[in-house]
Number of protein chains: 2
Amino acid sequence: MKINILGCGSALPTANCFNSSQTVTIGEKVFMIDCGEGAQIRLREQKISTFRLNHIFISHLHGDHCFGLIGFISTLGMMERTADLHIHAHGDLEKILQPLIDYFCQGMLFKVIFHSINPRSNEVIYEDRSIQVSTIPLKHRIPTCGFLFEEKEKDRHLIREKIDFYQIPIKELHLIKKGADFVCSDGTVVPNKLLTRPADPSKKYAYCSDTAFSEKIIPVINGVDCLYHETTFENSDEKRAKETGHSTPAQAAEIAQKANAKQLIIGHYSARYRSHKKLLDEAKVIFQNTLAAEDGSVFEF
Amino acid sequence: MKINILGCGSALPTANCFNSSQTVTIGEKVFMIDCGEGAQIRLREQKISTFRLNHIFISHLHGDHCFGLIGFISTLGMMERTADLHIHAHGDLEKILQPLIDYFCQGMLFKVIFHSINPRSNEVIYEDRSIQVSTIPLKHRIPTCGFLFEEKEKDRHLIREKIDFYQIPIKELHLIKKGADFVCSDGTVVPNKLLTRPADPSKKYAYCSDTAFSEKIIPVINGVDCLYHETTFENSDEKRAKETGHSTPAQAAEIAQKANAKQLIIGHYSARYRSHKKLLDEAKVIFQNTLAAEDGSVFEF
């Protein structure tokens, strides 16, 4: 999985920290999470192809997480995109955005299809052969959810010489990859572990922004390879964080630690901080394997 | 007058060339023309105060000229602005933008007041004691107008020693500055030119984007100190410019020349051009005093 940060800022965008947006690349597929103002500019800057970007997930309907949608859709229209674009968001978004699309994006060759999500429950909202995305209910001023990206269990690797040795027919290989034993014509059972090596591990990524400190998310995100958790305010501003439904580095790190995350990425910084070093240092005190997102950062795991 | 370029790009924004937006600063007052996506980011980057920015003029309702409004308004709300904000635009903008303001900008301490303009006629749409703004009908795919900013005639400068010599009462000085002669108690008339030096010249600035080549604008903008005229395409793409309602450098320069403009600024470049040197060179062949806008450029005259 690869995460490209398009915007690491919070409510007030700056030249270095645009409003929230990022892409999650899994194999050939690209997903977008949130789409703040200027997201399309960062996409172009980072040379991220929109050809395989078919799904956008919007965490909540604060402007800094969705004001970039209309510009991005309009641009896709001008670029003569033909593949439908799916937007997963609170149901209100369709009512807000459709009139803009109707007015500004006439003659587009693709449809924008809205999928209403319930931010208050943990449910699967997207699924294909290799990936599943589910909602993570968060604690913010308005209904908000994070997103958990999970790769499905991958195929085991065939050991070619064993496959040849037992003369396993091609039509059986699909099952062998899934873990099946092989039964020879004489009835002998060859256990799968002789024929295959373990599958590559399936990766999990959790995006949690915007949110106040909430231990309720811990079981949902347990064991993720990477957790993106907002740290809008420094530890000294914990009171303000609580009041506004945001988190501090200590809180994000505590969540990462308790959820056994392998890595923590912090972001969604208040524009009051010119540098994010202190935020990073504060998180590292509790959770060493923390990285600070910046616009243009790329994280692979 | 001072022009700050916030976005010199056309339909597709890039990291270097955001969508159309600029400010016009006249004395203490700041006006915004167009407000493409990211305009608020450039404003902040250029440290332009929004305290005296009370009027925004929108040339037409293509997204690249107005998608930045909702983010900018939302940000002003978060910054606890109290002064009303006036938006002068085609009447449709209110229908489009008001629902967004209602949804995303609750609790703002200021009102957004829409003023519907008729882009097809040349009329005064804003006036105060020192400035007048009028529309310039342009030739584009949808109703579009440019804006002519004109300083009103300024006061003449009093010659202090003459004022003292003739013992002119303070209450008379206002009229003297406007050009009145002074009548002494014995009936002698002191002509104004003995009492004052000429006023500073009043400046004129014309913004013409988006537009195809149109000689109709020449009488409206005649004699401007500075003309911003779009040059979306290079001369070799004149056909495409015509088809899409845009201009080439040769066309912009011809307008500047025929309108006796003192200076030409070109902008609204297609994203296909990484450098704008050729566009500039092509304009200079016809109109030497041409400058190329870039995001962050400041022009004073």
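1. Some thoughts on the relation of the copies chain B and chain A
When chain B is fitted to chain A, the best match, at an RMSD of 0.0 Å, comes from turning it 180° and sliding it 0.0 Å along the axis. Expressed as an axis order, the relation between the two copies is that of a two-fold axis. Residues of chain B ranked by C-alpha distance from the rotation axis are headed by G38 of chain B, positioned 2.9 Å from it. Both copies present the same face, since 100% of the interface residues in chain B are matched by interface residues at the equivalent positions in chain A.

2. Focus: the packing of aromatic side chains
Residues and elements named next belong to chain A. Scanning the model with the defined rule gives 25 aromatic pairs over all chains in all. With 6.1 Å between their ring centres and 45° between their planes, F31 and F57 make a pair best called tilted. Of this pair, F31 sits in strand β3 (residues 29-35) while F57 sits in strand β4 (residues 53-57), placing them 26 residues apart in sequence. We classify F31 as buried; its relative accessible area is 1%. Each ring, one from F57 and one from F147, has its centre 5.4 Å from the other, and the planes form 50°; the classification is tilted. Taken together, the positions of F57 in strand β4 and F147 in strand β9 (residues 145-151) put the pair 90 residues apart, joining distant regions of the chain. Taken individually, F57 and F147 each receive the classification buried, so the pair is uniform in this respect.

3. Thoughts on the interface of chain B and chain A
Taken together, the contact pairs 30 residues of chain B with 30 residues of chain A. Across the chain B-chain A interface, the total number found is zero salt bridges. Our enumeration of links across chain B and chain A arrives at six residue pairs in polar contact (both at pLDDT 80 or more). Sorting the residues of the side of chain B that touches chain A by element identifies α1 (39-45), α2 (69-78) and α3 (92-104) of chain B as the ones contributing at least two each. Among the residues forming the side of chain B that touches chain A, the class breakdown is 17 nonpolar, nine polar and four charged.

4. Some details on the sheet that holds strand β9 (residues 145-151) of chain B
Residues and elements named next belong to chain B. An order of β7-β8-β9-β14-β15-β16-β17 is seen for the seven strands of this open sheet, with the pairing classed as mixed. Either end of the sheet is taken by a strand with one partner, and the two such strands are β7 (124-127) and β17 (290-292). Taken over all neighbouring pairs, the strand axes of this sheet differ in orientation by 20° on average, direction set aside. Of the pairings in the sheet, the one linking strand β15 (residues 226-230) to strand β16 (residues 264-267) comprises four bridges and is parallel in character. Within β16, the position partnered with E230 by the bridge is G267. Relative to the sheet, helix α9 (residues 249-258) contacts β15 and β16, its axis offset from that of β15 by approximately 155°.

About the cut-offs
Residues numbered from 1 in each chain as written. Chains lettered and ligands numbered in written order. Predicted model: local features only at pLDDT ≥ 70, side-chain atom pairs only at ≥ 80, totals over all residues. Heavy atoms only, no water. Least-squares fit on C-alpha atoms with pLDDT ≥ 70 in both. Contact = heavy atoms within 4.5 Å. Phe/Tyr/Trp six-rings, centres within 6.5 Å; stacked < 30°, edge-to-face > 60°. Helix = DSSP H or I, 4+ residues; strand = E, 2+ residues; numbered from the N terminus. Buried < 20%, exposed > 50% of the residue type's maximum accessible area, 1.4 Å probe, protein only. Salt bridge = Lys/Arg side-chain N within 4 Å of Asp/Glu carboxyl O. Polar contact = N/O pair within 3.5 Å; in protein donor to acceptor, adjacent residues only side chain to side chain. Nonpolar A, V, L, I, M, F, W, Y, C, P; charged D, E, K, R; others polar. Pairing = 2+ DSSP bridges. Axes fitted to C-alpha atoms, helices over the stretch in contact; angles between N-to-C directions.

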